[in-house]
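Summary of the model geometry
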Amino acid sequence: MEVKTSLLDNMIGVGDMVLLEPLSEDSFIENLRKRFDHNEIYTYIGSVVISMNPYRSLPIFTPEKVEEYRNRNFYELSPHIYALADEAYRSLRDQDKDQCILITGESGAGKTEASKLVMSYVAAVCGKGQEVNKVKEQLLQSNPVLEAFGNAKTVRNDNSSRFGKYMDIEFDFKGDPLGGVISNYLLEKSRVVKQPRGERNFHVFYQLLSGASDDTLKKLKLDRDFSKYNYLSLDSAVVNGLDDAANFRTVRNAMQIVGFMEDEVQSVLELVAAVLKLGDIEFKPESRCNGTDESRIKDKNDLKEMCELLGIEQSVLERAFSYRTVEARLEKVSTTLNVAQAYYARDALAKNLYSRLFSWLVTRINESIKAQTKARHKVMGVLDIYGFEIFEDNSFEQFIINYCNEKLQQIFIELTLREEQEEYVREGIEWTNIEYFNNAIICDLIENHQNGILAMLDEECLRPGTVTDETFLDKLNTICAEHQHFESRLSKNSKFLTDHSLPHNCFRIQHYAGKVLYRAEGFVDKNNDLLYRDLSQAMYKANHSLIKQLFPEGNPSKVNLKRPPTAGFQFRASVGTLMKNLQTKNPNYIRCIKPNDKKASHIFTDSLVCHQVRYLGLMENVRVRRAGYAFRQAYEPCLERYKMLCKRTWPHWRGPAREGVEVLMADLPVPAEEFSYGRSKIFIRNPRTLFFLEERRRQCLQDLATLIQKIYRGWKCRSHFQLLKKSQIVVAAWYRRYAQEKKYQKIKSATTVVQSYTRGWQARKLLRELKYQKRCEEAVTTISAFWHGTQARMELRRLKQEVRNKHAVTVIWAYWQGTKARRELRQLKEEARNRHAVSVIWAGWQGTKARRELRTLKEEARRKHAVAVIWAYWQGLKVRREYRKFFRANAGKKIYDFTIQRIMQKYFLGLKSTMPSVSPIDKSWPANPYRFLDGVHTELRRIFHLWRCKKYRSQFTEEKKAVYEEKLEASQLFKDKKALYPSSVSQPFKGDYLEISKNPKYQKLNSAVDEKVLLADVVNKINRANGKGTARIFLLTKKSVVLADQKTGQVKASVPLPDLASVSVSTQSDGFFALRLKEGSASAVKGDFLLSSERLIEIITKLHRTGATAADSEQLNVDISDEFLLQFKHDKVCVKFIQGAPKNGNSVSCKRKNNRLLEVSVPTTA
């Protein structure tokens, strides 16, 4: 049975402030303290949730808690942020009402964590599926990216949001998320160049320096030492509990999940590094000859590194920091900047660069997470925006933030009253007007288009002449002096009042949350937010892909002399748009409060909490809620909770729930004016009535508990007695069974003994009879055996005698045959000895004759040798006599030359006999016998190889030569670059695989193509929407590439070769290739082509050769990379090749991951 816990069960303090009695500020704070001390951080004000920051982890955000609050009534369980998120999600899903969740509070109150909890709860309870999970993951992972670039450590919060964020999450009709849109408001860009003491710059700077690899920092020209950068404060560079290195890895992973490309991530990091480098640029004063001051850069190394990062010429940016050009309609005036103005220009560029980068990040995230379908969506908005701020020194930023909170308070009161009124009308309850403070007069003081503070500030900024903060304050004193919510020193003095707490350069506005003192210093500059046109134009000249997008006003061809809108005007317009958006949705409120300034758990500071309760208007909210009826509840849960208070409704009421509640209330001593019956709910006016019902219910529950205990104890005793009785019967039965078994065992044993004795006597008697019969049979057998033995021995003696007689005859015959054989053997041996003697004599004569002839031949050879020796000696003697006079001077050289000549002759003759075959692929070559001939040996090998290659080529026909040239070009393009190339080497390049001219099926297509077809094959054209392929005929002629339908032969696309910019392929074994068209060409209207073919090597080779030989076209580039960008209509899509496990056999699969990514999975080859 499911156990339900009501809001009123086991209450610590009061779970809903509407029920607080008595209602006062002290009791309100005390109730918050009591609940906070017991780890109850959530409290209701009707449908509004108050959230206290516990500054520690609590076990109330587990998946079990999510399931507990899923599909439950708002007041059914104890207060929790999950209850509000579930109520908003169910209203959106079931009632088709757009929702918005407004999260407000000051810095450190937990607004960002509250928005994360809402988004994580919605992600947990909505549908499941691959696409849905992908959308949810992208929505959740957008938070780390925005926090890195938009959050910073402050004295109040280690992860303070320094911008306002509104996210619209879009759902389909089933309640599954489709995407989202993020809007950002007023990034605190002044933090980029200066941070208060004890605070840090934005997180991304510290994360980049701590978590990036050494190679990345080297590319960005950065160092890990924070102290080297002027824009980074050192007193709070390291924050306890924040791991910047791990957070950097988280941000990189989140950017990849959201859909950022690697080149985009690198561009963003380069801009972040450029901002750091920009802060290190320092200036020195110089005086010109005309007496004017100008500035020069001290050390140009940082400027050089920054220009290298952004791709800007150093001289262009250096001039922009030194001069300012003012353009009028007819002339330009260039003035020098002094040191102060140069530092102002540097900081203004850093602030604008970072602010525009942040806006680009939000836009880029929106492109990835936006819904793909254009049908109407259900929308849930989450607003995480800064709360009301009152500091010791309040400036333009606090003024803008408090103005936004005034508008939110106004819409909060209006929507709360409207919600109350609509519920009363819906339930048929009489509506009474509620008096409350309407802060429209304060909003009008700020935003009035004629006399509002923002309008006067814009007017001062646009006015010619000298404009200062003092002139702006004078104008406020002139126009707003009589306004009841505006105070200044001058307006006070004009009324003969003295207020020494109000300085001369300040003014005070009485907001709904209290009075705030603003210092007018800096209002004009911060509202102007000027960036010199020279700097914008310098940024536009950068070669960096992202810079041109961030500074479009720097385009010289689009110079706009009109002054850009001010910061106050832009913020007022965006707040107006936000208010209109919120008014179209059903609001849900989360009011965040921080209990102390020490960021410590278990500490509750009354004064700080009281201050936040006041400026959040929580008491006002309670009074508005209690102005009519303090408590309301549907009839079914009301009857279920209080039915035990009336005998007629207990334990079960059979009729309608409303009638049961009416019977119940009539039976109780409650005045009729304290409650009222609506159509589906009962309304209770005073909390005391509700507490009376709860007290009566508690007493009844105690009585019921006593009754239940009594009945239970009686049942327990009866059950115990019955169990003992049953056990006694079982024990007796078991004992009787045991006794009978023992008696049976004794009788059985005695019977067995008697039977064994009887069987033994019978067996012995039978054994004696069998033994006697056996002895008789054995005696007969023995007599018979003796008789048969005697007969056998007599027969054996007779047979032996006959055998002896036969053996004697055989022996005599054998002796005779042996004698006869020996006589014949002696005769044969005598004949053999006679024949051998003749052979020996003949062999001796032949040997003597041969030796004589050998001696004669040897003598002749000795004579010839002697003659040759004598002749050689004679020739040598003649030579020595002839050259004796030259012998001593030239003998060494002559002998050396002769020796070398003989060695070379011997080398070449040996090389001739061992020469390898004339085949060009034969790599064998004789070994070199002489070390001093190594160079000659190598050169001869090269010359021989060239000769046999030339001889081999001379055998080629023109057609065969063209084929080998194509193979050679394919080798130059793809060898060691494309994994598919080795398998194509053995395949001949045929060209026309479809036989276009011969096949009658393609007669129409052949007639449509005028030129000669160099290649015809069937390829797959990849669909840009889903990655699936469609069969197309690919034709290559000398002038164009043609794609035609395979079935009908109709031409689908024809691209002239001059319009082709390049061809892109991957390094893997797939057949995908992309035809990238030149921008602005007629063929590039529909974008680039992504095709796949099994004959990719042949197609690209022929396309490259044809493009190179065309007279009117440039060399066609072939890009080989696993990741490249294609232009599909108006979008750039990245095609990424990855190694994956084989799916659908071993085929390559292509799938579109998001708007900007096509992923091709190539099976891993073994």
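Keep in mind the model is a prediction, meaning the values are calculated, not measured.

**Some words on the overall build of the protein chain**
The secondary structure content of the protein chain amounts to 32 helices and 31 strands. Taken over the C-alpha trace, the protein chain has a radius of gyration of 54 Å; the compact-globule value for 1166 residues is 32 Å, which it surpasses by more than 25%. Per-residue burial for the protein chain yields a buried fraction of 43% across its 1166 residues. Of the contacts formed within the protein chain by residues at least 6 apart in sequence, a portion of 64% connects residues at least 24 apart. In the form shown here, the protein chain has an accessible surface area of approximately 66200 Å², with 54% of it arising from carbon and sulfur atoms.

**What to know about the side chain of serine 27**
Tracing the chain through its elements places serine 27 in helix H1 (residues 25-37). Take serine 27: its relative accessible area is 17%, and that puts it in the buried class. Beyond its immediate stretch of four places on either side in the chain, serine 27 contacts Leu20 and Pro22.

**Let's talk about H1**
An ideal rise of 1.5 Å per residue puts 18 Å on 13 residues; H1 measures up with 18 Å between its terminal C-alpha atoms. Along H1, the residues classified as buried are Ser27, Phe28, Ile29, Asn31, Leu32, Arg35 and Phe36. Check the buried side of H1 and you find it contacts strand E1 (42-45), strand E2 (48-52), strand E16 (586-593), helix H22 (606-615) and helix H23 (618-626). A positive phi of about 65° marks asparagine 39, the residue just after H1.

**Points about the sheet that holds strand E14 (residues 506-511)**
Pairing in this open sheet of 3 strands is antiparallel, and the strands run E13-E14-E15 from one edge to the other. Each edge of the open sheet is held by one strand with a lone partner, namely strand E13 (486-488) and strand E15 (514-519). Within the sheet, the average angular offset between the axes of one strand and its neighbour, ignoring direction, is 25°. Pairing between E13 and E14: 3 bridges, direction antiparallel. Bridge assignment links serine 488 to a residue of E14, and that residue is phenylalanine 507. Against the sheet, helix H14 (residues 440-447) touches E13 and E14, its axis set at about 150° to E14.

**Some words on the UniProt feature "binding site: ATP" (unreviewed entry) in the protein chain**
UniProt feature "binding site: ATP" (unreviewed entry): in the numbering of this structure it lies at Gly105, Glu106, Ser107, Gly108, Ala109, Gly110, Lys111 and Thr112. Tracing the backbone through its elements, the reader meets glutamate 106 in the loop between strand E3 (99-104) and helix H4 (111-125). Inspection of the secondary structure puts glycine 108 in the loop between E3 and H4. Here glycine 108 falls in the buried class, since its relative accessible area comes to 4%. Not counting the four nearest positions on each side in its chain, glycine 108 is found in contact with Asn53, Tyr55, Arg156, Asn157 and Lys594.

**Points about the packing of aromatic side chains**
Considering all chains together, one arrives at 27 aromatic pairs under this definition. A centroid spacing of 5.0 Å and a plane angle of 25° characterise the contact between tyrosine 82 and tyrosine 121, whose relative ring orientation is stacked. Linking tyrosine 82 in helix H3 (residues 81-95) with tyrosine 121 in helix H4, this pair joins segments that are 39 residues apart in sequence. Note on accessibility: tyrosine 82 and tyrosine 121 belong to one class, buried. Put simply, the rings of Phe396, Phe399, Phe472, Phe486, Phe507, Tyr518 and Phe523 touch in pairs and so form one group of aromatic residues.

**Let's talk about the sheet that holds strand E23 (residues 1051-1056)**
Ordered in space as E23-E22-E21-E20-E26-E25-E24-E27, the 8 strands form an open sheet in which the pairing is mixed. A single partner strand is all that each edge strand has here, and the edge strands are E23 and strand E27 (1117-1120). The mean inter-strand angle of the sheet, taken between neighbouring strand axes irrespective of direction, is 30°.

**Quick word on helix H19 (residues 533-540)**
For H19, the tally of buried residues reaches 6 of 8 residues, placing the bulk of the element in the interior. Along H19, the residues classified as buried are Asp534, Leu535, Ser536, Ala538, Met539 and Tyr540.

**Examining the pairing of strand E28 (residues 1123-1128)**
What you see with E28 is a clean split: Phe1124, Leu1126 and Phe1128 sit on the buried side and Glu1123, Leu1125 and Gln1127 on the side with no burial. Here E28 runs beside strand E29 (residues 1131-1140); their pairing, made up of 6 bridges, is antiparallel. Of the residues in E29, the one forming a bridge with glutamate 1123 is lysine 1136. Where E28 hands over to E29, the hairpin turn is made up of 2 residues, of which lysine 1129 adopts a positive phi near 55°.

**A few points about the packing of helix H10 (residues 300-310) against helix H11 (residues 314-322)**
Orientation of H10 relative to H11, taken along the N-to-C sense of each, is 120°, at an axis distance of 9 Å. In terms of orientation, H10 and H11 fall into the oblique class. Seen along the crossing, H10 lies across H11 with a hand that is right-handed. Between H10, through Lys300, Leu303, Lys304, Met306 and Cys307, and H11, the contact on the second element is made entirely by Gln314, Leu317, Glu318 and Phe321. Considering only residue class, the contact of H10 with H11 consists of 5 nonpolar, 1 polar and 3 charged.

**Section: the pattern of salt bridges**
Per the counting criterion, the structure on display carries 53 salt bridges. A salt bridge links arginine 296 to glutamate 286, with the shortest nitrogen-to-oxygen separation between them at 3.9 Å. Placement of the pair is arginine 296 in strand E9 (residues 293-297) and glutamate 286 in strand E8 (residues 283-287), with a sequence separation of 10 residues. The exposure class assigned to arginine 296 is partly exposed, which follows from its relative accessible area of 25%. With a relative accessible area of 32%, glutamate 286 lands in the partly exposed category. As a salt-bridge pair, glutamate 397 and lysine 526 come within 3.1 Å of each other at their nearest N and O atoms. Placement of the pair is glutamate 397 in helix H13 (residues 396-427) and lysine 526 in helix H18 (residues 523-528), with a sequence separation of 129 residues. Residue class for lysine 526 comes out partly exposed when judged on its relative accessible area of 33%. Look at the salt bridges and you will find they share partners, linking Arg162, Glu188, Arg191 and Glu199 into a network.

**So, the domain arrangement of the protein chain**
We note that the domain assignment places domain 1 (437-525), domain 2 (631-719), domain 3 (915-955) and domain 4 (958-1119) within the protein chain. Spacing between the C-alpha centres of domain 1 and domain 2 amounts to 59 Å.

**Comments concerning the nonpolar core**
With 207 residues, the main nonpolar core has Phe28, Phe149, Phe205, Leu317, Phe321 and Leu582 as its most contacted residues. If one sorts the elements of this core by residue count, helix H12 (residues 339-369) sits on top with 14 residues. Structurally, this core is a two-domain feature, drawing no fewer than three residues from each of domain 1 (437-525) and domain 2 (631-719). In this structure, Leu973, Leu1015, Leu1043 and Phe1073 belong to the second largest nonpolar core, which totals 29 residues.

Reading guide: rules and limits
- Residues numbered from 1 in each chain as written.
- Predicted model: local features only at pLDDT ≥ 70, side-chain atom pairs only at ≥ 80, totals over all residues.
- Heavy atoms only, no water.
- Helix = DSSP H or I, 4+ residues; strand = E, 2+ residues; numbered from the N terminus.
- Rg over C-alpha atoms; globule rule 2.2 N^0.38 Å.
- Buried < 20%, exposed > 50% of the residue type's maximum accessible area, 1.4 Å probe, protein only.
- Contact = heavy atoms within 4.5 Å.
- Areas by Shrake-Rupley, 256 points an atom, 1.4 Å probe, with all protein chains shown as cover.
- Expected span 1.5 Å × (residues − 1).
- Pairing = 2+ DSSP bridges.
- Axes fitted to C-alpha atoms, helices over the stretch in contact; angles between N-to-C directions.
- UniProt positions renumbered as here; feature names shortened; annotations may be inferred.
- Phe/Tyr/Trp six-rings, centres within 6.5 Å; stacked < 30°, edge-to-face > 60°.
- Parallel < 35°, antiparallel > 145°, perpendicular 65-115°, else oblique.
- Left-handed = near helix turned anticlockwise from the far one by under 90°.
- Nonpolar A, V, L, I, M, F, W, Y, C, P; charged D, E, K, R; others polar.
- Salt bridge = Lys/Arg side-chain N within 4 Å of Asp/Glu carboxyl O.
- Domains from an automatic or database assignment.
- Core = buried A, V, L, I, M, F, W, Y, C linked by side-chain atoms within 4.5 Å.

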